Amino acid sequence: MPQDPMDFEWSYWIEWGRERILWLLAGHLLVSQMSRFLMEKYKPWCLMVYGMAACWLLLGIKGFAVILLHAAISFAVAQFQLSLLTWLCSLILLSTLRIPAVEETKRKWYDTENEYYLLLFTVSVRCLFCASFSLEYCWHAPAQKSSHSFPWMLAYVFYYPTFHNGPLVNFDEFSKQMRRQEAFSVKTNLGILIVGIIRIFFWWCLAELMIHLMYIHALYSSALPLESASYWALGGLALAQVLFFYVKYLVLYGVPGLLLQMDGLKPPALPCCVSLMHSFTKMWR
């Protein structure tokens, strides 16, 4: 049965996931568990090196250099310890993504539009991570800045489970939890992994069922069926749209959230069910 092709985000990430990203996430999981078992003290640096290698593999040397340059600029600006300057730096770095000459140059680095879009999405999310590190550097007292070194920034920026699409994890939470050394239990971690995979597989099946049977986005792309629909039908379509949005992000954020758990970190809470909400504030956050 043909699927609704109009939800670009779902189709895009599922295609990339099947091709490469899921394999790279599996590699991250292997490196993470081996480093936790053999050398817990060096786990952040093992994961940093793996994240850099994965970035190089997917985005090429030029894409890797762009992200490294953004991190270096953000770190340098953070040394002034001015929040306003940090925000301006983040906005300027983001705005470079929309400069036509820069866009055209970056497009030439890749053979397909999908590869260019992957760079675009990744750099946008990395800007949020750079802003988080820089702002927390500005807000902390000098005595607390020992953990805010450039190597720790790179470990944070190149942490692979959240690399391409988030979710956002604040630097303070990341560094505190990554430094914490816990007893490693193969049995416990295996249980978390199996339960997590079953839940994510269920959500993915539900999302695929919705996109193959409901054609919500295709209906929204055409004015004619919407004009002829009753108010009740329009309300049902709106509810179906946000429910699919909710299920989609259970998958897109559920996968990195599971890997965060496997790394001994506490993942951000998954989206709340929209049917139980009266405000969309938490949904967008």
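Since the model is a prediction, treat every value here as computed from it, not as a measurement.

> Any chance you could explain the overall build of the protein chain here in plain terms?
Counting secondary structure elements, the protein chain contains 12 helices and 0 strands. In terms of overall dimensions, the protein chain is globule-like: its C-alpha atoms have a radius of gyration of 21 Å, near the 19 Å expected for 285 residues. Projected onto its principal axes, the C-alpha positions of the protein chain cover 65 × 50 × 40 Å. Within the protein chain, counting contacts between residues at least 6 apart in sequence, those at least 24 apart form 76% of the total. Accessible surface, the protein chain: about 15,400 Å² in total, of which carbon and sulfur atoms supply 69%. A gap of 10 Å separates the mean positions of the 21 positive and 18 negative side-chain charges of the protein chain.

> How should the pattern of salt bridges be read in this particular structure?
Between side chains of opposite charge, pairing is possible as soon as their charged atoms come close. With the rule as written, the count across this model stands at 6 salt bridges. A salt bridge links E9 to K248, with the nearest nitrogen and oxygen atoms 2.9 Å apart. Of this pair, E9 sits in helix α1 (residues 8-38) while K248 sits in helix α11 (residues 231-262), and the two are 239 residues apart along the sequence.

> Sorry if this is basic, but what is going on with helix α6 (residues 150-157) here?
Note on helix geometry: an α-helix contains 3.6 residues per turn, so any two residues three or four positions apart are oriented the same way. Within α6, 6 of the 8 residues are buried, which leaves it mostly tucked inside the rest of the structure. All of the buried residues along α6 are W152, M153, L154, A155, Y156 and V157. Residues of α6 that are buried sit in contact with α2 (43-78), α5 (113-139) and α7 (171-179).

> What exactly am I supposed to notice about the packing of α2 against helix α3 (residues 83-95) here?
For any two helices packed against each other, one specifies the inter-axial angle together with the distance between the axes. Packing of α2 against α3 brings their axes to within 9 Å, and their N-to-C directions diverge by 160 degrees. One way to sum up the angle between α2 and α3 is to call them roughly antiparallel. The crossing of α2 and α3 is right-handed. In this structure, α2 contributes H70, I73, S74, V77 and A78 to the contact, and α3 contributes L85, T86, C89 and L93.

> Could you clarify how one ought to interpret the environment of L243 in this entry?
Along the chain, L243 falls in helix α11. Non-local contacts of L243, meaning those with residues more than four positions away in its chain, are made with M210, V274 and S275.

> For this particular structure, what's the right way to read the side chain of T86?
For T86, the location among the structural elements is in helix α3. Beyond its immediate stretch of four places on either side in the chain, T86 contacts V77, A78, A131, S134, L135 and C138.

> What exactly am I supposed to notice about the domain arrangement of the protein chain here?
When the parts come together, some accessible area is lost, and that loss is often what is quoted as the size of the interface. On domain assignment, one finds that the protein chain holds domain 1 (39-180) and domain 2 (185-284). On a C-alpha basis, the centres of domain 1 and domain 2 stand 27 Å from each other. Contacts between the two partners involve 14 residues from domain 1, matched on the other side by 11 residues from domain 2. For the pair domain 1 and domain 2, the two sides together bury roughly 990 Å², of which 61% comes from carbon and sulfur. It is N165, P167 and Q177 that lose the most area in domain 1 upon contact with domain 2, and together they represent 43% of the buried surface on that side. Viewed at the interface, domain 2 and domain 1 are joined by 0 salt bridges. Broken down by secondary-structure element, the contributors of at least two residues to the side of domain 1 that touches domain 2 are α2 and α7. At 3 residues, α7 tops the list of elements feeding residues into the side of domain 1 that touches domain 2. In the side of domain 1 that touches domain 2, the residues fall into 8 nonpolar, 4 polar and 2 charged.

> Sorry if this is basic, but what is going on with a nonpolar patch on the surface here?
Together, L30, M34, F37, L38, M39 and Y42 line one region of the surface with nonpolar side chains, adding up to about 670 Å² of accessible area. Structurally, the position occupied by L38 is in helix α1. What makes L38 exposed here is its relative accessible area of 60%.

> Hey, could you run me through the nonpolar core in this one?
As a rule of thumb, nonpolar side chains are buried together in soluble globular proteins. By size, the foremost hydrophobic cluster in this structure holds 72 residues, and its most contacted members are L59 and F158. Among the secondary structure elements, those contributing two or more residues to this core are α1, α2, α3, α5, α6, α7, α8 (186-213) and α11. It is α2 that contributes the most residues to this core, 14 residues altogether. Counting residues domain by domain, this core receives three or more from each of domain 1 (39-180) and domain 2 (185-284).

> Quick question: what am I supposed to make of empty space enclosed by the protein here?
Counting across every chain of the model gives 1 cavity of 30 Å³ or more. Looking at the largest cavity, the residues that line it are R36, E40, K43, Q177, R180, E182, D263, G264 and L265. For the lining of the largest cavity, the per-class residue count stands at 1 nonpolar, 2 polar and 6 charged. Looking at which domains feed residues into the lining of the largest cavity, each of domain 1 (39-180) and domain 2 (185-284) gives three or more.

So, how was this worked out
- Residues numbered from 1 in each chain as written.
- Predicted model: local features only at pLDDT ≥ 70, side-chain atom pairs only at ≥ 80, totals over all residues.
- Heavy atoms only, no water.
- Helix = DSSP H or I, 4+ residues; strand = E, 2+ residues; numbered from the N terminus.
- Rg over C-alpha atoms; globule rule 2.2 N^0.38 Å.
- Contact = heavy atoms within 4.5 Å.
- Areas by Shrake-Rupley, 256 points an atom, 1.4 Å probe, with all protein chains shown as cover.
- Lys, Arg positive; Asp, Glu negative; His and termini not counted.
- Charge placed at Lys NZ, Arg CZ, Asp CG, Glu CD.
- Salt bridge = Lys/Arg side-chain N within 4 Å of Asp/Glu carboxyl O.
- Buried < 20%, exposed > 50% of the residue type's maximum accessible area, 1.4 Å probe, protein only.
- Axes fitted to C-alpha atoms, helices over the stretch in contact; angles between N-to-C directions.
- Parallel < 35°, antiparallel > 145°, perpendicular 65-115°, else oblique.
- Left-handed = near helix turned anticlockwise from the far one by under 90°.
- Domains from an automatic or database assignment.
- Buried area = accessible area lost by both parts, 1.4 Å probe.
- Nonpolar A, V, L, I, M, F, W, Y, C, P; charged D, E, K, R; others polar.
- Patch = residues over 30% accessible without salt bridge, like charges linked within 9 Å, V, L, I, M, F, W, Y side chains within 5 Å.
- Core = buried A, V, L, I, M, F, W, Y, C linked by side-chain atoms within 4.5 Å.
- 1 Å grid on protein atoms, 1.4 Å probe; cavity = no way out; pocket = protein on both sides within 12 Å on 5 of 7 lines; lining within 4 Å.
- Points joined across faces, edges and corners; volume = space filled by probe spheres on them.

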